[in-house]
Each structure stands twice: as structure tokens, then as C-alpha cells.
Amino acid sequence: MKRILLLVTGFFLLSSVFGESGYRLWLRYEPISNATLLSGYKKAITSFHFTGNGETIDVAKQEMIIGLKGLLNKTISEDKSIKPNSILVGTPASSALVASLVSSTEIESIRSEGFIIKTTLINGKLVILVTANSDKGILYGVFHFLRLLQAGQNLNRLAINSSPKTGLRVLNHWDNLNRYVERGYAGISIWDWHRLPGYIDQRYIDYARANASIGINGTVLTNVNANAMVLSPTYLEKVAALANTFRPYGIKVYLTARFSAPIELGKLKTADPLDTAVQRWWKDKISEIYSYVPDFGGLLVKANSEGQPGPQNYNRNHVDGANMLADALAPHGGIVMWRAFVYSEIPDDRFKQAYNEFKPLDGQFKKNVLVQVKNGPIDFQPREPFHPLFGAMPKTPLMMEFQLTQEYLGFATHLVFMPPMFKEVLDAKTFSNGKPGTVANVIDGSLDDHSISGMAGVANIGNEINWTGHVFGQANWYAMGRLAWDHTLSSERIATEWLQQTFSSSNSFIKTAKQIMLNSHEALVNYMTPLGLHHIMGYGHHYGPAPWYDKGARPDWNPVYFHKADAEGIGYNRTSTGSNALAQYPPEIQKKYADINTCPDAYLLWFHHAAWDHKMQSGNTLWEELCLRYNSGVDSVRAMQKQWSSLKQYVDGDRFKQVRMLLSIQEKEAVWWRDACLLYFQSFSKMAIPAKYEQPAKTLEYYKALSFPYAPGN
């Protein structure tokens, strides 16, 4: 355990070498700048006392030491006895005193991972209690207590009772064994497989600590486009080394399973899930995994999608494949996360494929299977309607999949705060078996009374010193953990927390920086895909605009498939007169979108092929509104630049300069998006771009000729 504690301390030693590089994320613990607040905290916290022992308690204690020393600019020691103005940390099971300070109702309400933080009295003296049912809950409680200090919380009347709303809170790494990261924009993989298991990089400790601080309790180490080799003994030894590193922080490891592994590793002639030899191979392989990693979490599977093998190769269905793996994992307590992103060439609307394949299978999956569904029906677009499967499979636990890496949102170059996008989906009204609720109620299991639940985020983490390429990309990682813990948190609350911990608690700074963050997603939608346009990015790499592209081998590999612009108008008709994808939603949702005159502007071109002169709710024609939105997006980025420049006095030089340069790139690319798209769509509308707007400086032919064979993520 001494090694882990030294490595945790090394997080701060490393940061001092690199200055304000962004490496410390939201765990900087800089001294509280408000003198009055600092003085009050020093009086309120003079010591702390932990009960219990174990690896997780040890790292929680170390966090308390580091956090208090940094925030209070004073070393706070652990005391063997409880004194006035101290912090008491422990579970009721570890201390009769702790047990006496919480009621059975309180402790039952927080379940296994939650925590209670409250101000209480011991012998008439104020004491702050941090308690939980488990050591993991204690760790989460300590992190939250330190977050409260950075937020300037009054410590005299604390009464916090917090439990996670989803059980599995997982990062999905699209990392390959050669360290290339699919759709990765922050360097190569942080997993140095060649040097594992003997070399435990400091970054692994810091990664685990950062995840624990926001309640993430699982990590899928490998790409969903899976390599069977990770299931071999050579790599399982390496996986075990990572699992041992993460375990004190309450984080389980998961792996992606290539469905054809019995052929590639086991030398079988088939991977048919109903073949007894295949079933036996998977049972033996999973038992072997648990011999290396006793608390292994389970498997994430991408099957029969984008060329990945799966049960359909053998005329079986998703239930057959998922249940075979579930049976092998069940004796060990493992789970299967079976992805619903099925993406094969079909003659019908791609929007409909996942629903058509999975809806008929509802109720047939084993109890330890979650179906992992992307937030929208296409593929992580800047804005999508919520996936129609949410509410359509009441007998099956559905797990949310968000994408933190900005594959379709300007990569790590663009400042885009994602929680407003996530909240649009989570807060969306839906129905399950006629019961009204939200998408969040579906994934947390409360709407259909499921015992397992989860939320996953496709990681935006690489080996760059600031982890995510763009320092503001860290906010999306942070938000993923916070929303998985509590999806009722507002985007504003999450932005405020992150800014306070990452930059400054100055109200003047936070007011402006928060405005930048909260407006950034709508700005990007406007300069990329306004009014429901989608999937008009460059072919393959998805960098930059290419609405004209039509050379893909399949129809749905071409942007023209999705926008369908012609002389009459633009947009994909998904109503009853078109593909009828809208019929996959409950009647109440269909009614909201079916009428072109009442359909919200944000989703108009998702569901309707609208005429260029269609009268919008603003009174503008569609063409006029399209021009307005594209120009508004550019104007918003320029406003973000000015706002950021005004914050120079609050931000260290390195991070200020980095964000300023990236905003400059973002502004140029926003102009590129606006001009290229309007010129292309103008070739159909035959309408002028209003003179009041900045006119394109290049021709459409110029933009069409641009090529990016080495764009990141290609």
C-alpha cells in the first residue's frame, strides 16, 4: 500500500514540474483565495479521524491529507481521538460511535455506494461526519467533501445524503493493443501494453483517482472493434496489473470480446453461440479471466456491426450471443454490455435498424445483460432525437452510451461543453408500457423496475499531458461521471463545479467562463448542423464539412443520404409519407414531430423534407433561417473568443494561451463550415445569401477539392 500512497503524492510532484499544464485536472486543490472563508475553514477543521482499514480507506485518508493541505494551506493531522472541530470518517460497521450518529433509515437510504455528510454533535461539540455503507462510499464521500470546500460550502449545517442513480458508471476506451485510439484526439493510448505488467505508470494511478473523484466505477480497457488477443494469458497478466492498480479506487475493469475469439484463440471451426464446444470454450475462458482478475466486471460486445463478427454470422440473433456470454459470466457475478449499434447495409432508413433488430427481443435477455444504446438513432451527431429504443424495451435494462471524444464535434480542437446535449436526451419525455417518464428514468431502471442500470461514456482520454487535448474537454469527462451519479444535476451546476476546481472560484471568472461553456454546444450545432441536419461531415475521418460527398460504397456512408437536398427542399422525411421511422416512437412523441408546422426547429430536418421557402416558426423561410443559424454559430465562436480574452487575469499563462489558440482554430473552422455548407445548399435553393451576412471568401469548388488523408481518427 505504501507504493500506492507514494504514487498518489507523485500526482502533485509531477504537476509542479509541468506547471499549469492541465495534468491535475479538477484535483488541483489550490489554496482557497477568499481570506474570510479560509479563516473559517481553518477554525472548523482542526483534525480528522478515520475508522476502519483497508486499501480503499488508505487512499481516502491520503486524499483527505492532500486535499486539506492544499485547500487550507495548512497540514491537518489525523488524530487518534475525536476532538471538537474535527472530521469523523467511517462506516457504521467500523465504529460504534459512527453507528450512533446515523439512523438505520439514513444508512439504508444510501445503499452500497452512497454516502452521508453531515454536521453533528459529539459531547456538545460540532463534528463533521462522513459515513457510508462501504469503503467505496467513504472514498466518494471524501471526494465530495473536498468539492464542497472548493465551492465555499457552509460547514455548520451540512446534511447531504447522496447515492448514485445508475449502478454501472463506465468509461469505454476505444484503445487498441498497438496504442492507436480509434476516434482519439488526445494522443495515443494511456495503456502501455508493452511495458505492462512490470511497469505501473504514474498516470494509471492518477487516472483511477480522477475517475473515483466523480463516481466512475468501471473502465472498459479495449476497443469495441475488438482484438481477441487481449483474452490471451499474455495480455490477461497485463490486465490484472491494471485491475490491481484500480481496485483501491473502487474501479472494476471490463474487456471487449471479439465474437470470433473461439476461432482465433481456441482454434475451433465455428463461433456459433449454440454450439456446445463454443459455449464450453467461453466458460473456460471467462473462468480463466477471473483467475487473473477476481473482481473482473464483465464484457462489452460489438457484434454484427461495421464488419465485426457476431451471432448473425451463424443465423442466430443478439439474444443467442448475449445469453451465451451471460451464462458463462453469471457464476462469477459478471455482466454483459451488448451494444445496440448495429450498422450493416440495409435498403431501409438507417435510423430504424437498431429498433427493428432489438425491439422484438425484449424480455429474452438473461438478467445479467444490459443492452447498451447510443443516445440517438444514428451516430453521436451534434444533435439527435433520443433513441427510440428508450421506452420500447421495458423488460430489458438499457444502458446509455454517450461519446465524450468529439468525433462529430470538431475533435479536441473545438470547445464544446456536452452536458446540454446530454441533458436534452436524459430529460426527454418518453413512455414505457404506457407509463410516462424520461429517458433518464429508463436507464436508471426506475421506470421499469430493473435491478441493474448503467451509463457509459466513450473516453476522450489520451497520453497528452492534459489528458484530453483541449483543457475544456476535461469538463466532459467530469460531467460524464457526475451525470451518471446524478442525472438530475443541471449543466450549470456541473460547469460551476468544474470551473471552481479546475481554474478559479472567482465569481467574475465563473460567470463569464460558464457562459462560454453553456453556449458552446448550441454554437457548434449552428455552424455545423442546424435545424436537424446530420451526418454531413467528411467521409471516413469526419473532419470538416462534406455535404456533397456521394462516393461511399454504401448509400448510408454518404452525407447526401442524410440531407437529401434537391431543388424542392432539404431534409429526411421520416413521417408516414417517408421512411416512417417516426412510428418507432410512442404516439405522444410521434404527434410532437409529425406535423411540419409544429415540429421543433431543432429536429425539423431530422423528420421532414422541407421546402426552401417553408415558413419557419420565426417567420423566416427555411433558407433564411439556415443562413441565420450558420452565421449565428460563427458569431457565437467570435463572442467566445472575446469572452475568453477578458479572463486573462484569472487564468495561468499556459492554459490561457492554449485555449486562445484553439478558439482561433475553432473560429476559422466555423467559418469553413458555414461557407462550404451554404454554398453547397445554395446550389439547390438558388437563393442568395442575404447581403447582411459575411459572404463566402472561397468558391464551392475550392471547398470540394480539399482533402485530408491524414486527419486524426481516420
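Reading guide: rules and limits
- Residues numbered from 1 in each chain as written.
- Predicted model: local features only at pLDDT ≥ 70, side-chain atom pairs only at ≥ 80, totals over all residues.
- Heavy atoms only, no water.
- Helix = DSSP H or I, 4+ residues; strand = E, 2+ residues; numbered from the N terminus.
- Rg over C-alpha atoms; globule rule 2.2 N^0.38 Å.
- Buried < 20%, exposed > 50% of the residue type's maximum accessible area, 1.4 Å probe, protein only.
- Areas by Shrake-Rupley, 256 points an atom, 1.4 Å probe, with all protein chains shown as cover.
- Lys, Arg positive; Asp, Glu negative; His and termini not counted.
- Charge placed at Lys NZ, Arg CZ, Asp CG, Glu CD.
- Phe/Tyr/Trp six-rings, centres within 6.5 Å; stacked < 30°, edge-to-face > 60°.
- Lys NZ or Arg CZ within 6 Å of the ring centre and 35° of its normal.
- Pairing = 2+ DSSP bridges.
- Axes fitted to C-alpha atoms, helices over the stretch in contact; angles between N-to-C directions.
- Contact = heavy atoms within 4.5 Å.
- Parallel < 35°, antiparallel > 145°, perpendicular 65-115°, else oblique.
- Nonpolar A, V, L, I, M, F, W, Y, C, P; charged D, E, K, R; others polar.
- Core = buried A, V, L, I, M, F, W, Y, C linked by side-chain atoms within 4.5 Å.
- Salt bridge = Lys/Arg side-chain N within 4 Å of Asp/Glu carboxyl O.
- Polar contact = N/O pair within 3.5 Å; in protein donor to acceptor, adjacent residues only side chain to side chain.
- Expected span 1.5 Å × (residues − 1).

Caption draft 1: Structural view of the overall build of the protein chain. From N to C terminus, the protein chain includes 23 helices and 17 strands. For a compact globule of 714 residues, the expected C-alpha radius of gyration is about 27 Å, and the protein chain comes in at 26 Å, within 12% of that figure. Counting all 714 residues of the protein chain, 63% fall into the buried class. Summed over its atoms, the accessible surface of the protein chain is roughly 25900 Å², and 51% of this surface lies on carbon and sulfur atoms. Considering the protein chain, the positive charge centre built from 71 side chains and the negative charge centre built from 63 side chains are found 6 Å apart.

Caption draft 2: How the structure looks around the packing of aromatic side chains. One pass over the full model with this rule turns up 46 aromatic pairs. Between Trp-191 and Phe-246, the aromatic rings sit 5.9 Å apart at their centres with planes inclined by 55°, giving tilted as the arrangement. A residue pair is termed long-range when its members are at least 10 positions apart, and Trp-191 in the loop between strand E6 (168–172) and helix H7 (202–213) and Phe-246 in helix H8 (residues 233–246) qualify at 55 residues. What links up through ring pairs into an aromatic cluster is the set Tyr-23, Trp-26, Trp-191, Tyr-204, Tyr-207, Phe-246, Trp-467, Trp-477 and Tyr-478. Residue placement shows Arg-203 over the ring face of Trp-467; its charged tip is 4.5 Å from the ring centre. Over the face of the ring belonging to Tyr-561 we find Lys-564, whose NZ or CZ atom lies 4.7 Å from the ring centre.

Caption draft 3: Broad picture of the sheet that holds strand E2 (residues 86–89). With mixed pairing, the 5 strands of this open sheet are ordered in space as E1-E2-E4-E3-E5. Of all strands in the sheet, those with a lone pairing partner are strand E1 (47–50) and strand E5 (159–162), marking the two edges. The mean angle between the axes of side-by-side strands here comes to 25°, regardless of whether they run parallel or antiparallel. As judged from the 8 bridges shared by strand E3 (residues 115–122) and strand E4 (residues 125–132), these two strands associate in the antiparallel manner. Pairing of Ile-116 across the sheet is with Thr-131, part of E4. Strands E1 and E2 of the sheet are contacted by helix H3 (residues 55–72), whose axis makes an angle of about 175° with E1.

Caption draft 4: Quick look at the environment of Ile-510. Relative to the elements of secondary structure, Ile-510 occurs in helix H17 (residues 507–528). Sequence separation between Ile-510 and Arg-209 is 301 residues, and the spatial gap between their C-alpha atoms is 25 Å. Discounting residues that sit within four places of it in the chain, Ile-510 has contacts with Thr-496, Leu-499, Gln-500, Ser-504 and Ser-505.

Caption draft 5: Representation of the packing of helix H6 (residues 135–150) against H7 within the structure. Orientation of H6 relative to H7, taken along the N-to-C sense of each, is 75°, at an axis distance of 9 Å. By the criterion of interaxial angle, the relationship of H6 to H7 is roughly perpendicular. Between H6 and H7, the residues in contact are Leu-139, Tyr-140, Phe-143 and Arg-147 and Arg-209, Ala-212 and Ser-213, respectively. Its residues assigned to classes, the contact of H6 with H7 comprises 4 nonpolar, 1 polar and 2 charged.

Caption draft 6: Representation of unusual backbone geometry within the structure. Residue Leu-196 is joined to Pro-197 through a cis peptide bond whose omega torsion reads 5°. Turning to its location among the elements, Pro-197 is positioned in the loop between E6 and H7. At His-535, a residue that is not glycine, the phi angle is positive and equals roughly 55°. Position of His-535 relative to the elements: it lies in the loop between H17 and helix H18 (559–563). Given the relative accessible area of 10%, His-535 is considered buried. Positive phi outside glycine occurs at Lys-686, with the angle close to 60°. In this fold, Lys-686 is placed in the loop between helix H22 (653–685) and helix H23 (700–705). Of the residues examined, Lys-686 reaches a relative accessible area of 69% and is grouped as exposed.

Caption draft 7: Representation of the nonpolar core in the model. Counting 226 residues, the largest nonpolar core has Leu-68, Phe-145, Trp-282, Trp-477 and Phe-681 as the members making the most contacts within it. With 13 residues, the top contributor of residues to this core is H22. In this view, Phe-145 contacts Ile-45, Met-64, Leu-68, Ile-87, Ile-117, Ile-128, Leu-155 and Leu-158; residues no more than four positions away in its chain are not counted. Among the nonpolar cores identified, the runner-up in size contains 10 residues, and Val-98, Ile-107, Ile-122 and Leu-129 belong to it.

Caption draft 8: Quick look at the sheet that holds strand E11 (residues 369–374). Taken in spatial order, the 8 strands close into a barrel running E6-E7-E8-E9-E10-E11-E12-E15, and their pairing is parallel. Neighbour-to-neighbour, the strand axes of the sheet open up by a mean angle of 25°, direction not taken into account. The pairing of E11 with strand E12 (residues 398–403) spans 4 bridges and is classified as parallel. Each bridged residue has a counterpart across the sheet, and for Gln-372 the counterpart in E12 is Met-399.

Caption draft 9: Broad picture of the pairing of strand E9 (residues 298–301). Inspection of the sheet shows strand E8 (residues 252–256) paired to E9 by 3 bridges, in the parallel sense. The residue bridging Leu-255 from the neighbouring strand is Leu-299, located in E9. Note: E9 against strand E10 (residues 335–339), 4 bridges, orientation parallel. The residue bridging Leu-300 from the neighbouring strand is Met-337, located in E10.

Caption draft 10: Broad picture of the pattern of salt bridges. In the structure shown here, the tally under the stated rule is 40 salt bridges. Arg-482 is the salt-bridge partner of Glu-497, the closest N and O atoms lying 2.9 Å from each other. With Glu-497 in helix H16 (residues 491–502) and Arg-482 in helix H15 (residues 474–485), the pair connects residues that are 15 residues apart, well separated along the chain. For the pair Glu-497 and Arg-482, a shared accessibility class is recorded, and that class is buried. One salt bridge in this structure joins Arg-629 and Glu-625, with 2.9 Å as the shortest N-O distance. Taken together, the residues Arg-629 and Glu-625, both in helix H21 (residues 622–645) and 4 residues apart, mark about one turn of the helix. Note on accessibility: Arg-629 and Glu-625 belong to one class, buried. Taken together, the shared-partner salt bridges connect Glu-20, Arg-24, Arg-28, Glu-30, Asp-652 and Arg-655 into one network.

Caption draft 11: Broad picture of the side chain of His-535. Within the structure, His-535 has its side chain in polar contact with the side chain of Tyr-408 (distance 3.4 Å). Sequence-distant contacts of His-535, defined by excluding residues within four places in its chain, comprise Arg-350, Ile-378, Asp-379, Gln-381, Tyr-408, His-542, Pro-559 and Phe-562.

Caption draft 12: Fine view of H3. Relative to the 26 Å expected for 18 residues at 1.5 Å per residue, H3 spans 26 Å between its end C-alpha atoms, a close match to the ideal helical length. Across the 18 residues that make up H3, a large majority, 14, are buried. At the C-terminal side of H3, Asn-73 shows a positive phi close to 55°.

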